[in-house]
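Per-entry structural report
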Amino acid sequence: MTNVVLVGTLDTKGVEYGWLRERLLRAGVGVVLVDTGIMGEPRVAADVPREAVARAAGTELSVLRTDAGRGGAVTAMARGAEATLLRLHAEGRLDGVLAIGGSGGTSIATRAMRALPLGVPKLMVSSMASGNTAPYVGSSDITMMYSVVDIAGINSVSEPILGNAAAAVAGMARAYARLDHHRPALDEGREGGRPLVAASMAGVTTAGVDAARERLTELGYEVLVFHVSGTGGRTLETLAGQGAFAGVLDLTLSELADDLCGGILTAGPDRLSAAGRAGVPQVVSLGALDMVKFGPLESLPQRVLDRGVHVHNPSITVIRTSEAECAELGRRVAAKLRAATGPTEVCVPLRGLSTLGAPGGPYHDPRADRALFSALREGLRGSAARLHDYDTHINDPVFGRAAADRLHTMIGSVSAAA
């Protein structure tokens, strides 16, 4: 039977969870109700009581009530909910998850959801869903639904919204239950045995990455392309660190420029690290390191107004990285690649790093590019990483195909050695 897990605080949201359980049962799916409440008495009976959730976190509910404080108690119950959902999934009793809540309930439930494999249906109805959802979603595939009103009873606004949520997760869970969901979502055995390769791309590097993707597809790989939007880079890093990929084609590194210069699309300081730590073969280039992304034009910091400013769209404005910033980026990229434990090669497109940086483009700055290249070469001197210069632009199809061929050769060498 298809099962949906409901996870939430049954002291404050018990009525609403009871209503959701009835809707799901009428929709023909089984329900496992997990209680993550702490202080008040549950208003409906749970299949997994709060005491069991606390024990799954390595503590006791009585301790959380008296010694942990609200923040510590919420963190512990989130940890327990995570362990509980992983257990239910391993037992084949979880084909989808639905939760409702405000900030606290959303924090608990989404931590548990993020631990589940990609592809498991995860739906969070939250009063927090119309704002910054990155802390809740992370690099997972959680679906966030805005509750419009606070989740405080079943009323003329909340009823259709929660009803839609129940119908949605029931449909997703039934579809998921028909799959072989005990197999990892990202393994080399899926889709005819094609090994997975990750590639990084931005709009300004699309042509080159597309050429590489098409070549890798010809060579028998399935290519997953990640948009370097901050979240995209973090997701790539997470999956690479989990060993999901046979290789990584990291041609677009603009998130590193945002991290250095205070841009809005940073993936954090650990970008370009996971594949190297995991020993995954990687081919790296320098795509879009000639720019930093900020918000709307009116939000640009005063310190960058004298730069080359380009309005990408109403929400994104970019500036050209300076010669000094490019040199620092070269040093940072080199330091990350020197630490790699697996085969690593760098492809350098000498004629430009983006559509804006092509000859004749507004960001064409050979002096700044040379500072990047020189710092990179100096930083890699004596390391195992191999560097290759190409007298092309990054969006030249020749460059993309050459990078793909290099990655294919590296993956083949690793497979042969194993």
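Just so we're clear, the structure is a prediction, and the values are computed from it rather than from any experiment. Each chain carries its own residue numbering, running from 1 in the written order of its sequence. In view of the model being predicted, local features appear only for residues whose pLDDT reaches at least 70, and side-chain atom pairs are presented and counted only at 80 or more, with totals across whole chains, interfaces and linings using the full set of residues. Each side-chain value is worked out from all heavy atoms of the structure, with water and hydrogens disregarded.

The subject of this paragraph is the environment of Gly268. Mapping Gly268 onto the fold places it in the loop between helix H11 (254-261) and helix H12 (274-278). Buried means the residue's accessible area, taken with a 1.4 Å probe over protein chains only, is under 20% of the maximum for its type, while exposed means over 50%, and partly exposed covers the values in between. Taking relative accessible area as the criterion, Gly268 reaches 17% and is therefore assigned buried. Considered as a pair, Gly268 and Gly230 are 38 residues apart in the sequence and their alpha carbons are 7.7 Å apart. Only DSSP runs of H or I covering at least 4 residues are called helices, and only runs of E covering at least 2 are called strands; the numbering of each starts at the N terminus.

This brings us to the packing of H11 against helix H13 (residues 323-338). The axes of two packed helices give the description: the angle between them and the distance between them. Convention adopted: a line fitted to C-alpha atoms gives each axis, helices being fitted over their contacting stretch, and angles between N-to-C directions are expressed from 0 to 180 degrees. Between H11 and H13, the shortest axis-to-axis distance is 10 Å and the interhelical angle comes to 120°. At the point where H11 passes H13, the crossing takes the right-handed sense. Within the contact between the two elements, H11 uses Leu256, Ala257, Asp259, Leu260 and Cys261 and H13 uses Glu325, Glu328, Leu329, Arg332, Val333 and Lys336. Residues are grouped as follows: nonpolar covers Ala, Val, Leu, Ile, Met, Phe, Trp, Tyr, Cys and Pro; charged covers Asp, Glu, Lys and Arg; every other residue, Gly included, is treated as polar. Looking at the contact of H11 with H13 residue by residue, the classes come out as six nonpolar, no polar and five charged. Helix crossings get a hand from a simple test, with the near helix turned counterclockwise from the far one by less than a right angle marking a left-handed crossing and a clockwise turn marking a right-handed one. By definition, residues are in contact when any of their heavy atoms lie within 4.5 Å.

With that settled, the discussion passes to the sheet that holds strand E4 (residues 122-126). An order of E2-E1-E3-E4-E5 is seen for the five strands of this open sheet, with the pairing classed as parallel. Looking at strand neighbours, the two that pair on one side only are strand E2 (30-35) and strand E5 (143-146), the edges of this open sheet. The mean inter-strand angle of the sheet, taken between neighbouring strand axes irrespective of direction, is 20°. Of the strand pairs in this sheet, E4 and E5 are connected by four bridges, and their pairing is parallel. Within E5, the position partnered with Met124 by the bridge is Met144. Across the sheet, helix H1 (residues 14-26) is in contact with strand E1 (3-8), E2 and strand E3 (96-101); its angle to E1 comes to roughly 175°. Strands are labelled as partners when DSSP assigns at least two bridges between them.

Quick look at helix H4 (residues 69-90) now. When the terminal C-alpha atoms of H4 are compared, their 32 Å separation across 22 residues agrees well with the 32 Å that a helix rising 1.5 Å per residue should span. Along H4, the positions that sit buried rather than exposed are Ala73, Val74, Ala76, Met77, Ala78, Gly80, Ala81, Thr84, Leu85, Leu88 and His89. Take the residue count of a helix, subtract one, and multiply by 1.5 Å to get its expected span.

We now examine helix H15 (residues 397-417). Owing to its 3.6 residues per turn, the α-helix aligns residues three or four sequence positions apart on the same side. The end-to-end C-alpha distance of H15 is 31 Å, a good match for the 30 Å that 21 residues give at a rise of 1.5 Å each. Taken as a whole, H15 has its buried residues at Phe399, Gly400, Ala402, Ala403, Ala404, Leu407, Met410 and Ile411. The inward-facing, buried residues of H15 abut strand E6 (196-201), helix H9 (206-218), strand E8 (247-252), strand E9 (282-287), strand E13 (344-349) and strand E14 (386-390).

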